[in-house]
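# A structural walkthrough
Spelled out from the first residue to the last, the chains are:
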Amino acid sequence: MHKTIAFIGAGNMASAIFGGMLDGGYPAESIIATSPDDTLLATLRERHGIRTHTDNATAVNEADVVVLAVKPQIMRQVCEPLREAVQARKPLIVSVAAGLEATTLEGWLGGELALIRCMPNTPSLVGAGAAGLYANPRVDAEQRELAGELLSAVGLVEWVAEEALLDAVTAVSGSGPAYFFLFFEAMEEAGVNLGLPRETARRLALQTGFGAASMALRSEHDPAQLKRNVMSPQGSTERAIQYFEDAELRHIVDGAMQACAARAREMA
Ligand code: NAD
């Protein structure tokens with residue numbers, strides 16, 4: 001018997017997750033999505049065969065798991081009216097909202113609950129996400145497993161033992177796609193400076209990033225070893241890597257990620 005999962009907010013992140021679950025064979029009748037937008041809900045019913053409600057409390061009343069997937073700015077106004085339904089039913093709460101602490105959410109939902117915070121990233125929208133998950137002490141093993149299954153529908157899932165580590169997850173994978181986009185931009189520009197047509201430089205840079213990640217994910221060697229494998233002594237790759245090292249790329253990356261995590265802490 002599949003657990004009923006209610007997505008409060010049926011936008012990009014929610015539809016990526018339930019889309020992935022449906023592709024993996026999760027039954028459509030066990031998924032509910034809510035939104036004030038009737039037209040959106042009609043499209044979702046038609047496209048995916050899932051159930052929908054415009055009233056969030058009605059969805060909570062039927063759910064074993066409630067996924068909070070509205071924008072953080074409106075989370076409070078969405079959660080407070082759900083207090084009664086949530087406290088009566090005590091479903092597992094999974095929040096994908098950036099920056100909202102577990103105790104803040106529990107407060108808005110009227111008291112202690114089994115709650116999992118998830119920090120996903122945008123590649124989840126193409127099934128290649130990387131998410132960090134934190135479970136509060138009230139979450140049991142079965143609920144953990146279910147949440148892991150849910151989020152692995154859109155990519156890699158890594159658990160962290162302390163909530164504060166979600167700021168580090170934000171710095172690595174939450175904001176990480178933007179670092180790579182910056183690097184791709186820079187590689188494209190440098191390729192153009194070396195005489196390649198822009199589109200050619202872009203495609204080569206993107207495919208190289210994809211290829212390097214695919215190779216590293218499959219390899220028994222760590223990235224440091226894989227890098228050494230590509231560098232022949234006195235060769236052209238070695239020249240480029242030496243340039244990065246002399247320019248203190250590692251120090252720049254560390255500084256950028258410290259700044260990211262500090263900002264994530266500030267915003268919580
Ligand atoms: P979105 O705007 O695509 O989706 C939000 C949905 O909430 C919309 O469909 C809207 O109709 C619905 N909504 C608005 N008011 C509502 C209400 N009162 N009741 C129920 N539903 C309501 O946003 P998104 O990008 O899917 O982001 C959702 C959450 O996911 C956010 O909290 C965000 O921090 C988190 N997140 C998203 C990404 C991403 O890649 N998109 C990455 C990390 C975290």
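I will try to describe carefully the structure that is included in this document.

Before going further, it helps to examine the nonpolar core. Residues Phe7, Ile17 and Phe18 are the most contacted members of the largest nonpolar core, which totals 36 residues. Considering every element that reaches this core, the biggest residue donor is helix H1 (residues 12–23), with 7 residues.

Bringing the site of the ligand into the picture now. The local shell around the ligand holds 21 residues, among which Asn12, Met13, Ser35, Val70 and Thr122 are the closest. In this structure, Asn12 approaches the ligand through a main-chain N or O atom, which is 2.9 Å from an oxygen atom. Within the side chain of Lys71, an N or O atom sits 3.4 Å from an oxygen atom of the ligand. When the free accessible area of the ligand is taken as 830 Å², the share hidden by the protein chains comes to 78%. Here the residues of the shell around the ligand are counted per class, giving 13 nonpolar, 7 polar and 1 charged.

Our next topic: the packing of helix H8 (residues 165–174) against helix H13 (residues 249–267). Where H8 contacts H13, the axes come no closer than 8 Å and their chain directions differ by 135°. Classed by the angle they form, the pair H8 and H13 counts as oblique. H13 is crossed by H8, and the crossing has right-handed handedness. Two secondary-structure elements touch here, H8 through Asp167, Thr170, Ala171 and Val172 and H13 through Met257, Cys260, Ala261, Ala264 and Arg265. Its residues placed into classes, the contact of H8 with H13 shows 6 nonpolar, 1 polar and 2 charged.

Rules and cut-offs
- Residues numbered from 1 in each chain as written.
- Predicted model: local features only at pLDDT ≥ 70, side-chain atom pairs only at ≥ 80, totals over all residues.
- Heavy atoms only, no water.
- Core = buried A, V, L, I, M, F, W, Y, C linked by side-chain atoms within 4.5 Å.
- Buried < 20%, exposed > 50% of the residue type's maximum accessible area, 1.4 Å probe, protein only.
- Helix = DSSP H or I, 4+ residues; strand = E, 2+ residues; numbered from the N terminus.
- Near = heavy atom within 4 Å.
- Polar contact = N/O pair within 3.5 Å; in protein donor to acceptor, adjacent residues only side chain to side chain.
- Areas by Shrake-Rupley, 256 points an atom, 1.4 Å probe, with all protein chains shown as cover.
- Nonpolar A, V, L, I, M, F, W, Y, C, P; charged D, E, K, R; others polar.
- Axes fitted to C-alpha atoms, helices over the stretch in contact; angles between N-to-C directions.
- Parallel < 35°, antiparallel > 145°, perpendicular 65-115°, else oblique.
- Left-handed = near helix turned anticlockwise from the far one by under 90°.
- Contact = heavy atoms within 4.5 Å.

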